[in-house]
Amino acid sequence: MAYNHYLKYALMALKETTHNIIKEEKLEQVENTIQTCAIIAAATGVGAGMFPGGGSVVLTAASVAAIWGMYVKINKVLGISISENTLKSLASAILTNIVAGAGAYIVALAATAIISLIPGLHFLAVPAEAMIAYIAVFASGILYIKFLTKLFHAKGGFDIDNSGDDIDPLLRDVIRETDIRSVISETKNSYDQDKKDGNIKK
């Protein structure tokens, strides 16, 4: 699968912050999980593109669900227990910040998605929506790893208060310290590589 520098660096930072408690093979599993979920999300994006005028709405809902599902899988690999409601909130918040931080840039990368608004021509937007779904999930995976690193650094573990009050300040730190546009650009390169390698069929 495609190599992504930001994901590699995020996983290395997590390993160092946890004092190598998380073994290399676990990190490799997490990396594969994020890449696989992004590829699957690209297929979801293709499906959303088949509905004139509705593609973007369907894609957004599908992306949040895919991101939440990915977080569940990551936590299972790492042996982390975080409630489903918290993970859903994180998935929504992280995707919102990605769109807020680089929404215009993502649209510029996938400008053909606007064609989905034109009945009869919407099929042309299929590759663009697949790319958007891939980027949304992959980038959200990177930010989640960075969030887990912040969480462990702050609390010495992965426990989150039941109220969720400790999520917002940690997530704000992650967003503030991350060049979202650069992450998106690198992830677009990963998409191109996966497409070239045949991991993404359309």
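That block above? That's the structure.
Residues numbered from 1 in each chain as written. Predicted model: local features only at pLDDT ≥ 70, side-chain atom pairs only at ≥ 80, totals over all residues. Heavy atoms only, no water.

### As for the nonpolar core
If you look at the biggest cluster of nonpolar residues, it comprises 59 residues, and the most contacted ones within it are Y71, I74, Y144, I145, F147, L148 and I184. Within the residue set of this core, elements represented by two or more residues are α1 (5–17), α2 (24–48), α3 (55–78), α4 (84–109), α5 (126–155), α6 (167–177) and α7 (180–196). A total of 17 residues in this core trace back to one element, the largest contributor, which is α5. Those residues in contact with Y144, other than ones at most four positions away along the chain, are Y71, I74, N75, I82, L87, L90 and I94. (Core = buried A, V, L, I, M, F, W, Y, C linked by side-chain atoms within 4.5 Å. Buried < 20%, exposed > 50% of the residue type's maximum accessible area, 1.4 Å probe, protein only. Helix = DSSP H or I, 4+ residues; strand = E, 2+ residues; numbered from the N terminus. Contact = heavy atoms within 4.5 Å.)

### Focus: α1
Here α1 is 13 residues long and its end C-alpha atoms lie 18 Å apart, about the 18 Å a rise of 1.5 Å per residue gives. For α1, the set of buried residues is L7, A10, L11, L14 and T17. Angular distribution of buried residues about the axis of α1 spans 130°; they occupy a single face of the element. What points out from α1, more than 90 degrees from its buried face, is the exposed set Y9 and E16. Once α1 ends, the next one or two residues include H19, with phi positive near 55°. (Expected span 1.5 Å × (residues − 1). Arc of directions from axis to C-beta.)

### Focus on the pattern of salt bridges
Any two side chains of opposite charge can pair, on the condition that their charged atoms come close. All chains considered together, the criterion is met by 5 salt bridges. D173 is paired through a salt bridge with R176; the nearest N and O atoms lie 2.8 Å apart. Taken together, the positions of D173 and R176, both in helix α6 and 3 residues apart, correspond to about one turn of that helix. For R176, a relative accessible area of 58% corresponds to the exposed category. A salt bridge links K188 to D192; the shortest N-O distance between them is 2.8 Å. Residue K188 and its partner D192 are located together in helix α7, separated by 4 residues, close to a single helical turn. Residue D192 is classed as partly exposed on the basis of its relative accessible area, which comes to 32%. (Salt bridge = Lys/Arg side-chain N within 4 Å of Asp/Glu carboxyl O.)

### What to know about unusual backbone geometry
Although it is not a glycine, H19 sits at a positive phi angle of roughly 55°. Of note, H19 is situated in the loop between α1 and α2. Positive phi values are uncommon outside glycine, yet N20 reaches one of about 65°. Topologically, N20 is positioned in the loop between α1 and α2. With relative accessibility at 42%, the residue N20 sits in the partly exposed group.

### Quick word on the packing of aromatic side chains
Across all of its chains, the model carries 5 aromatic pairs by this definition. Judged by centre distance (6.4 Å) and plane angle (15°), the rings of Y144 and F147 are stacked. Placement of both Y144 and F147 in helix α5 is noted, with a separation of 3 residues, approximately one turn of the helix. Residues Y144 and F147 agree in their burial class; the two are buried. Judged by centre distance (5.2 Å) and plane angle (50°), the rings of F152 and F158 are tilted. Overall, F158 belongs to the buried group, its relative accessible area being 16%. Chaining the aromatic ring pairs together yields one cluster made of Y71, Y144 and F147. Positioned above the aromatic ring of W68 is the side chain of K88, whose terminal nitrogen or guanidinium carbon lies 4.7 Å from the ring centre. (Phe/Tyr/Trp six-rings, centres within 6.5 Å; stacked < 30°, edge-to-face > 60°. Lys NZ or Arg CZ within 6 Å of the ring centre and 35° of its normal.)

### Here we look at the environment of Q193
Along the chain, the position of Q193 falls in helix α7. Judged by relative accessible area, which is 34%, Q193 ranks as partly exposed. For the pair Q193 and Y3, spaced 190 residues apart in the sequence, the C-alpha separation amounts to 8.3 Å.

Any link to function would need more than the numbers given here.
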